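Secondary and tertiary structure notes
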Amino acid sequence: MSNDANSDISAVITLADHEQYFMEKAFFYARQALDKQEVPVGCIFVYENNILAVGRNEVNKTKNATRHAEMICIDEILKHCKENDLDFKKMISFVDVYVTVEPCIMCAAALFNLNIRSITFGCRNDRFGGSTVYDVSKVIKPTTVVKGGYRACEAMELLKDFYKGQNPNAPLPKVRIKKS
Amino acid sequence: MSSAKRVKLDVPEQEEQPFIPILANELLEDTPLTKVFVGKIQDSKSISEVIKSLNLLLPIPSLAHLKRINKQEVLLVSTSDLAKDKIYEYLETNGFNINLLYTDFREVEVAKIAPKTRLQYEKVQKLWPCNFHPDKYLEKLVTNTLFNSLEINVHKTYMSMAILVATEAKKLHITEYDSGVVVVDPKVNSVVALGYSESHHNPCKHPSMVAIDNVAKTQSGGAWKSYEPIPDSSNLNLNGCHPKLFKILLKKFPHINFGASKFQIDHEQKEPSDPYLCTGYYIYLTREPCIMCAMALIHSRVKRVFYGKSSDNGGLGTLYKIHVIKDLNHHYEVFRTLCENKCELVNEL
Ligand SMILES: [Zn+2]
Ligand SMILES: [Zn+2]
């Protein structure tokens, strides 16, 4: 067991039915990203059991390397709050994030700074992961609870498919998922 | 023969660099050390025989950066591989002519890995002779002698522009905070995009994030529409510059070019030299970017980052050095304290 009560990202996890449903949605958007030749990462922001935002990577579409699924969802929630005259800061701190791949260092920092309630992810992100490559929680002391390892192989397969199609010479991302 | 003093003209004076590079710890710290046993060769005529024999019987691949011989002493084995009282026996049973060495062995500290910089080399060289292949560029970087006075002036100019962006953006109510960013394409020596905080609209719209999106606008992209771009009037694209700021900057910096190289929308015609994200670009910021922004600049493949004042939540020197994380697939160089005092004043306005 991890001695850090706030995060358990090494194990393969099982989720409650409603959480599985949200992850399935996230996978739907990850596959959609793959169809659009974007890095296949899908993300869902949930507030009081309602899906408030959906996102997938849009880096190629926007020519902006920061347009990750999580960042797009943050913008969505912000828009929702503006349109409905809601307190964004308060609302976002009750949001649970479901994302197919561990958020990168940038997204982890963004989500932690917003005091997102929880992050549930599929596979680890060996290239940019906000805990695997560099543990952002060491410097941003988040209140966010992070857990990962749900349908990790499937999430990783999607990434592999993308990098295969992208550049036949590119090395495949290393698979580093702990087996239960 | 003329008695006039010869004036040296060809040696340029080393310019004082107005910034310091933020380097990986492995370049700043002393080379890690490890312990080895060494023996003394009885007759200096047998040195080559000893080396040959030892390289065969006791090779030390992990210490290949070390010379085997130091005067009349020879490196035998790592202390972790063989106990001191077992060395004699080991050599003898493996057919080494033990008479070539004195029988008492000595423990010494040596460089565990090859030194990376000359400074590191000079320290470990005193312990035990060591191979060193200086990397000319790296030496300039670590000794902070990378730029000549002309280049330094260019950096100062772009930073003073970033400071002006900070103050003017606030006056124009584009931002509520005092920070400015200028993105430059050094290949064409032109300002590609500007940045400032828009976090009063969106908590993720930090100056770097805004600048990155403004660069995307010069490549027919961009996610955040916050101004009507200036129509192209030349062969450079001005979409990355807020028109109101552009007008002011143009007046204050009449000798500076503005605009990004034309971006080919048609992928078939794409040249390798066409802009891609922020590849090859320099970015000048009045404030150190936070962790999120530092990583955003990695994703965007920026080449160099210059910033003025450190930030409490900074990711390029203060909390961490995101740009030197080994596992990342891209790295940029970072220089801090460029026009620090002026940047500090901006923050107090
Ligand atoms: Zn991300
Ligand atoms: Zn930032």
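Keep in mind that this is a model prediction, so the values were computed, not measured.

**Comments concerning the overall build of chain B**
Counting secondary structure elements, chain B contains 10 helices and 13 strands. In terms of overall dimensions, chain B is more spread out than a globule: its C-alpha atoms have a radius of gyration of 28 Å, far above the 20 Å expected for 349 residues. With 349 residues in all, chain B has 50% of them scored as buried. By sequence separation, contacts in chain B at least 24 residues apart represent 64% of the contacts at least 6 residues apart. Accessible surface, chain B: about 18200 Å² in total, of which carbon and sulfur atoms supply 52%. For chain B, the centre of its 42 positive side-chain charges and the centre of its 40 negative side-chain charges are spaced 4 Å apart.

**Notes on unusual backbone geometry**
When glycine is set aside, most residues are seen to have a negative phi, and most peptide bonds are trans. Residue and element names in this part refer to chain A. Phi angles above zero are rare outside glycine, and Asn-49 is one such case at about 65°. Locating Asn-49 in the fold gives a position in the loop between strand 2 (42-47) and strand 3 (50-56). Here the phi dihedral of Lys-63 falls at roughly 55°; this positive angle occurs in a residue that is not glycine. Looking at the element boundaries, Lys-63 is found in the loop between helix 2 (59-62) and helix 3 (69-83).

**Focus: the coordination of the zinc ion (ligand 2)**
Residue and element names in this part refer to chain B. Looking at the zinc ion (ligand 2), the protein donor atoms are His-206 (ND1), Cys-290 (SG) and Cys-293 (SG), and they sit 2.0 to 2.2 Å from it. The sequence pattern describing where the donors of the zinc ion (ligand 2) fall on their chain is H-x83-C-x2-C. Comparing Cys-290 with Cys-293, the two get one shared label, buried.

**Digging into the coordination of the zinc ion (ligand 1)**
Residues and elements named next belong to chain A. In the first shell of the zinc ion (ligand 1), the protein supplies His-68 (ND1), Cys-104 (SG) and Cys-107 (SG), at 2.0 to 2.3 Å from the metal. Counting residues between consecutive donors of the zinc ion (ligand 1) along the chain gives the motif H-x35-C-x2-C. The exposure class of Cys-104 is buried, given its relative accessible area of 2%.

**With respect to the UniProt feature "domain: CMP/dCMP-type deaminase" (unreviewed entry) in chain A**
Under the feature "domain: CMP/dCMP-type deaminase" (unreviewed entry), the UniProt entry names residues 17-133 of chain A. Taken end to end, residues 17-133 of chain A has its terminal C-alpha atoms 30 Å apart, with 44% of it in helix and 22% in strand.

**Re helix 6 (residues 149-171) of chain B**
Quick reminder: α-helices carry 3.6 residues per turn. Residues three or four places apart thus point the same way. In this model, helix 6 of chain B (23 residues) spans 33 Å end to end at C-alpha, consistent with the 33 Å of a helix rising 1.5 Å per residue. Here helix 6 of chain B starts with a cap whose side-chain oxygen sits 3.0 Å from the backbone nitrogen of B:Leu150, and that cap is B:Asn148.

**Regarding the sheet that holds strand 6 (residues 180-185) of chain B**
Taken together, the seven strands give an open sheet; going across it, the order is 1-13-12-11-6-7-9 (chain B), and neighbouring strands pair in mixed fashion. The sheet terminates laterally at strand 1 (20-21) and strand 9 (257-258) of chain B, the two strands that pair on one side only.

**A word on the packing of helix 5 (residues 105-113) of chain A against helix 9 (residues 291-299) of chain B**
Between helix 5 of chain A and helix 9 of chain B, the least distance of the axes is 8 Å, while the angle of their chain directions is 155°. Considered as vectors, helix 5 of chain A and helix 9 of chain B are oriented roughly antiparallel to each other. In the crossing of helix 5 of chain A with helix 9 of chain B, the sense of the turn from one axis to the other is left-handed. Each of A:Ile105, A:Met106, A:Ala109 and A:Ala110 in helix 5 of chain A lies in contact with helix 9 of chain B, whose residues at this interface are B:Ile291, B:Met292, B:Met295, B:Ala296 and B:His299. Partitioned by chemical class, the residues of the contact of helix 5 of chain A with helix 9 of chain B number eight nonpolar, one polar and no charged.

**Digging into the sheet that holds strand 5 (residues 106-111) of chain B**
All names here are of chain B. Spatial strand order, 3-4-2-5: four strands in an open sheet with antiparallel pairing. Whereas interior strands pair on both sides, the edge strands pair on one side only; in this sheet they are strand 3 (69-70) and strand 5. Set on the sheet, helix 2 (residues 47-57) makes contact with strand 3 and strand 4 (73-78); between it and strand 4 the angle comes to about 10°.

**Quick word on the environment of B:Leu277**
Within the element layout of this structure, B:Leu277 appears in the loop between strand 10 (260-261) and strand 11 (282-287). Apart from the residues within four sequence positions on either side, B:Leu277 is in contact with A:Lys63, A:Asn64, A:Ala65, B:Val215, B:Gln219, B:His299, B:Ser300 and B:Arg301.

**A closer look at the interface of chain B and chain A**
Across the contact, 29 residues belong to chain B and 26 residues belong to chain A. The contact between chain B and chain A buries some 2300 Å² in all, and 71% of this surface belongs to carbon and sulfur atoms. Counting every contact that joins chain B to chain A gives zero salt bridges. Remark: the boundary between chain B and chain A carries five residue pairs in polar contact (both at pLDDT 80 or more). Those elements that place two or more of their residues in the side of chain B that touches chain A are helix 7 (207-217) and helix 9 of chain B.

**Notes on the nonpolar core**
If you look at soluble globular proteins, the nonpolar side chains tend to sit buried side by side. In terms of nonpolar packing, the biggest core is built from 93 residues, with A:Phe45, A:Ile105, B:Met292, B:Val305 and B:Ile322 touching the most fellow members. In terms of nonpolar packing, the next biggest core, distinct from the first, is built from 42 residues, B:Ala162, B:Val184, B:Phe246 and B:Leu249 among them.

**A few points about the packing of aromatic side chains**
Residue and element names in this part refer to chain A. Taken as a whole and judged by the stated rule, the model has 16 aromatic pairs over all chains. For Arg-127, the ring lying beneath its charged end belongs to Tyr-163, and the centroid distance is 3.9 Å. Of note, Arg-151 hangs over the ring of Phe-27, and the distance from its end group to the ring centre comes to 4.2 Å.

Cut-offs used in this document
Residue positions are given per chain, counted from 1 along the sequence in the order it is written. For naming, the first written chain is A and the first written ligand is 1, with later ones following in the order written. With the structure being a predicted model, the display of local features is reserved for residues of pLDDT at least 70 and the display and counting of side-chain atom pairs for 80 or more, all residues being used for whole-chain, interface and lining totals. Processing note: side-chain calculations cover all non-hydrogen atoms of the structure and skip hydrogens and water entirely. Only runs of H or I of at least four residues qualify as helices and only runs of E of at least two qualify as strands under DSSP, and these elements are numbered from the N terminus. For a compact globule the rule gives 2.2 Å times the number of residues to the power 0.38, and the radius of gyration it is set against comes from C-alpha atoms. Partly exposed describes any residue whose relative accessible area lies between the buried limit of under 20% and the exposed limit of over 50%, with all areas from a 1.4 Å probe on protein chains only and scaled to the type maximum. Any two residues whose heavy atoms approach within 4.5 Å at even a single point are treated as in contact. All accessibility values rest on the Shrake-Rupley procedure with a 1.4 Å probe; residue burial counts only the protein chains present in the view. The convention is simple: Lys and Arg are positive, Asp and Glu are negative, and His and the chain ends are not counted. Note that the charge is assigned to NZ on lysines, CZ on arginines, CG on aspartates and CD on glutamates. Listed donors are limited to N, O and S atoms within 2.8 Å of the metal, widened to 3.2 Å for Na, K and Ca; water is not among them, so incomplete-looking sites are possible. UniProt positions are given in the numbering used here, feature names are shortened, and annotations may be inferred rather than shown by experiment. By this rule the span expected of a helix is its residue count minus one, scaled by 1.5 Å. Each polar contact in these results corresponds to two N or O atoms within 3.5 Å; when the atoms are within protein, one needs to be able to donate a hydrogen and the other to accept it, and residues that are neighboring in sequence are counted only if both atoms are side-chain atoms. Strand pairing is assigned whenever DSSP detects at least two bridges linking the two strands. Where helices are involved, their axes are fitted lines through C-alpha atoms of the stretch in contact, as for all axes, and angles between N-to-C directions lie from 0 to 180°. Here is the rule for angles: anything less than 35 degrees is roughly parallel, anything more than 145 is roughly antiparallel, 65 through 115 is roughly perpendicular, and the remaining ranges are oblique. Each crossing is labelled by how the near helix is turned from the far one, with a counterclockwise turn of less than a right angle marking it left-handed and a clockwise turn marking it right-handed. All amino acids are sorted into three groups, where Ala, Val, Leu, Ile, Met, Phe, Trp, Tyr, Cys and Pro are nonpolar, Asp, Glu, Lys and Arg are charged, and the leftover types, Gly among them, are polar. The quantity reported as buried area is the accessible area (1.4 Å probe) lost by two parts once they are put together, taken as the sum for both. In the sections that follow, a salt bridge refers to a side-chain nitrogen of Lys or Arg positioned within 4 Å of a carboxyl oxygen of Asp or Glu. Within this scheme, the nonpolar core is defined by two criteria: the residues are buried Ala, Val, Leu, Ile, Met, Phe, Trp, Tyr or Cys, and they are joined through side-chain atoms within 4.5 Å. Under the pairing criterion, centres of Phe, Tyr and Trp rings, with the six-membered ring standing for Trp, must be within 6.5 Å; the plane angle then separates stacked pairs below 30 degrees from edge-to-face pairs above 60, leaving the rest tilted. Counted as over-ring charges are cases with an Arg CZ or a Lys NZ within 6 Å of the ring centre that also lie within 35 degrees of the ring normal.

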